Amino acid sequence: MSENQGEQSVDNRGQGMGMVLAGKTTREVAKALNVSHSTIVKWMKKHNNGETLCDKPRPGRPKVMDRISKMVVRKSLTEKRQSTGKLSARLTAAGHPVPRSTIQRYMMKELGCRDRAFVQRKIPKITEKQKDDRLKFCLERRHWKEEDGSKVIWSDESPFELDSSPNRQNDVIWAHTPAEVPRQEKSKFSRKLMVWGAMSATGLSELHVVPNQTSLNAEYYHGIILNEYLLPALNRTAEAGPPTQQKFHHTMSESIFFA
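A quick note: this is a predicted structure, and the numbers were derived from the prediction, not measured.

Axis separation between helix H1 (residues 10-21) and helix H3 (residues 37-48) bottoms out at 10 Å; the angle between their running directions is 80°. With respect to their mutual orientation, H1 and H3 come out roughly perpendicular. Between H1 and H3, the residues in contact are Asn-12, Arg-13, Met-17, Val-20 and Leu-21 and Ile-40, Trp-43, Met-44 and His-47, respectively. Considered class by class, the residues forming the contact of H1 with H3 number six nonpolar, two polar and one charged.

A word on the pattern of salt bridges. Pairs can form between side chains of opposite charge once their charged atoms are near each other. With the rule as written, the count across this model stands at three salt bridges. A salt bridge links Glu-128 to Lys-131, with the shortest nitrogen-to-oxygen separation between them at 3.6 Å. Separated by three residues within a single helix, Glu-128 and Lys-131 lie in helix H7 (residues 128-140), roughly one turn from each other. The partner of Arg-141 in a salt bridge is Glu-140, and the shortest N-O contact between them spans 3.3 Å. With relative accessibility at 51%, the residue Glu-140 sits in the exposed group.

Residues Val-29, Ala-30 and Leu-33 constitute the buried set of helix H2 (residues 26-33). Looking down the long axis of H2, one finds its buried residues gathered within 100° of arc, a one-sided arrangement. Along H2, exposed side chains directed more than 90 degrees from the buried face belong to Arg-27, Lys-31 and Ala-32. Close packing links the buried residues of H2 with H1 and H3.

With 12 residues, the main nonpolar core is built from Ile-153, Trp-196, Ala-198, Val-210, Tyr-220, Tyr-221, Ile-225, Leu-226, Leu-230, Ala-233, Leu-234 and Phe-248. Those elements that place two or more of their residues in this core are strand E2 (192-199) and helix H9 (218-234). Within the second largest apolar cluster, 11 residues are counted, among which are Met-19, Ala-30, Ile-40 and Trp-43.

Residues in a regular strand project their side chains so that they alternate between the two faces of the sheet. Sheet topology note: the strand E1 (residues 152-161)/E2 ladder contains eight bridges and is antiparallel. Bridging from a neighbouring strand, Pro-159 pairs with Met-194 of E2. Bridge count between E2 and strand E3 (residues 208-210): three bridges; the pairing is antiparallel. Residue Val-195 lies in a different strand from E3, and its bridge partner there is Val-209.

So, about unusual backbone geometry. Non-glycine residue Asn-34 carries a positive phi angle of around 60°. Locating Asn-34 in the fold gives a position in the loop between H2 and H3. Non-glycine residue Gln-213 carries a positive phi angle of around 60°. Relative to the helices and strands, Gln-213 is located in the loop between E3 and H9.

Cut-offs used in this document
Within any chain, residue numbers begin from 1 and follow the written order of that chain's sequence. Thresholds applied to this predicted model are a pLDDT of at least 70 for local features of residues and 80 or more for the giving and counting of side-chain atom pairs; totals over whole chains, interfaces and linings are not thresholded and use all residues. Note that water and hydrogens are dropped before the side-chain values are worked out from all heavy atoms of the structure. Axes, fitted as lines to C-alpha atoms, cover a helix only where it is in contact. Angles between the N-to-C directions of the axes lie from 0 to 180 degrees. In this text, helices come from DSSP runs of H or I with a minimum length of four residues, and strands from runs of E with a minimum of two, each type numbered from the N-terminal end. Any angle that is under 35 degrees is reported as roughly parallel, and any over 145 degrees as roughly antiparallel; angles of 65 to 115 degrees are reported as roughly perpendicular and all others as oblique. Two residues form a contact once any of their heavy atoms are found within 4.5 Å. Residue polarity follows a fixed list, in which Ala, Val, Leu, Ile, Met, Phe, Trp, Tyr, Cys and Pro are nonpolar, Asp, Glu, Lys and Arg are charged, and the others, Gly among them, are polar. The working definition used for a salt bridge is a side-chain nitrogen of Lys or Arg within 4 Å of a carboxyl oxygen of Asp or Glu. Only protein chains enter the accessibility calculation, which uses a 1.4 Å probe; a residue whose area is less than 20% of its type maximum is buried, one above 50% is exposed, and one in between is partly exposed. The directions considered for the arc run from the helix axis to the C-beta atoms. In these notes, a set of buried Ala, Val, Leu, Ile, Met, Phe, Trp, Tyr and Cys residues joined through side-chain atoms within 4.5 Å is what counts as a nonpolar core. Whether two strands pair comes down to DSSP finding at least two bridges between them.

Okay, here's the thing in structure tokens:
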């Protein structure tokens, strides 16, 4: 598709005029420069009237974001600590003043971003050995079928905080002055509760709350958790009822235990 007159540089326009003056027809020049025939005719008309080939100042509000500003904003995507306010200050300091609202509009309409920034997700950091162990675990079981997976019993323990600290983003209170907002007491050391549980393809174990200041070592794990919670779950025979009361596993002798 041919490009219009406004998208051609002054050098291309001068080159077109030179080709016409050298004896080329306007249609030949239009084909060589990949522009419409009417564009070459307009250039010739300007040349014959003694007018410049440069564009005249166009009416309307000039664009606020130039090419450099757009490039800086595009490169800031997915980077940390790059809010629209900071980008605006950074561009203004570099001689390219752009309001924060304009940057946000450009991100939404031109770059397809959401109307608000995303919160960076946190994931556990694992070592190379842990990566190798996980890969080995998966490769050893890559041929498992559905019945193999149904034999697995999964168990784990997790701490729960009893004194959660306020979320500065979500726990907000509307008031006229800060003095009207009640203060929330916070313990220096948050209380935690350690809870153990297990699950299988057919049921759940009873949850076990580890007593406060109790070390969850191998002796406690085998003596209390396995003997008093997991083994009774394996011995259940009810075919119906709540998940914590019905049959926990099909065959105890074929159980595969992962903790």
